[in-house]
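Each chain, letter by letter, is given below.
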Amino acid sequence: MKNAIMGLLGCCGFLAIVLIIFMTIGLVAFRIQLFQLRSFAKRFPCANCGTILGIKSLELADTEWERQLEEMRREHSDVKFKIVRTLHAICANCGTKYRFVKKDRTFVLYEAD
Ligand SMILES: [Zn+2]
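This text gives an overview of the structure that appears in the document. Counting restarts for each chain, with residues numbered from 1 along the sequence as it is written. With pLDDT at 70 or above as the cut-off, local features in this predicted model cover only qualifying residues; side-chain atom pairs require 80 or more to be listed or tallied, and sums for whole chains, interfaces and linings still use all residues.

Right, let's get into the overall build of the chain. Looking only at helices and strands, the chain has two helices and three strands in total. Along the chain, helices (α) and strands (β) appear in the sequence α-α-β-β-β when read from the amino end. Our radius of gyration looks at C-alpha atoms and nothing else; its globule reference is 2.2 Å times the residue count to the power 0.38. Scaling as 2.2 N^0.38, a compact globule of 113 residues should have a C-alpha radius of gyration of about 13 Å, whereas the chain reaches 21 Å, well beyond that. The C-alpha extent of the chain, read off along each of the three principal axes, is 70 × 35 × 20 Å. By definition, any uninterrupted DSSP run of H or I lasting at least four residues is a helix, any uninterrupted run of E lasting at least two residues is a strand, and each is numbered from the N terminus.

This brings us to helix α2 (residues 54-75). Three- or four-residue spacings in an α-helix give side chains the same orientation, since the helix completes a turn every 3.6 residues. Here the expected span of a helix is defined as 1.5 Å times the quantity of residues minus one. For α2, spanning 22 residues, the distance from its first C-alpha to its last is 32 Å, which sits close to the expected 32 Å at 1.5 Å a residue. Partly exposed residues are those falling between the two cut-offs: more than 12 but fewer than 20 other C-beta atoms within 10 Å of their own, whereas 20 or more means buried and 12 or fewer means exposed, with C-beta atoms placed from the backbone. Turning to α2, its buried residues are S57, L58 and A61. End-on, the buried residues of α2 take up no more than an arc of 95 degrees, which puts them together on one face. Residues of α2 that are exposed and point more than 90 degrees away from the buried face comprise T63, E66, R67, E70, E71, R73 and R74. Working note: the arc is built from the helix axis to C-beta atom directions.

So, about the nonpolar core. Joined through C-beta atoms within 7 Å, a set of buried Ala, Val, Leu, Ile, Met, Phe, Trp, Tyr and Cys residues constitutes a nonpolar core. Residues L37, A41, C46, L53, L58, A61, A89, I90, C91, Y98, F100 and F107 constitute the largest nonpolar core, which totals 12 residues. Elements with a contribution of two residues or more to this core: α1 (2-41), α2, β1 (89-90) and β2 (97-101). Throughout, a pair of residues is in contact if the C-beta atoms placed from their backbones lie within 7 Å. The contact partners of I90, leaving out residues within four places of it in the chain, are S57, L60, A61, E64, G95 and K97.

This is the structure in structure tokens:
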């Protein structure tokens, strides 16, 4: 009985450690992507007006993305969505929308689905 309990605790402990490792990797990956987005936004000129996008453009996109998600949830409350974010920046000067392409490390014009 003691061995069974120790085995169960060992198994749970192992799973907890694996879970913590995966959560840490996910958090680090998220922070790296956020850092990349911010660095590229600080030097990317808007294709429409030439203004550097900057951090404000990322904040505008966050707000707009949340608004779009909320609208989808309201319109289709019985549907579970699996959505990949495609809007990452909105020019604070002219409103042009951009998607960040990680593999090319650049912003491209956003096309609504
Ligand atoms: Zn612009």
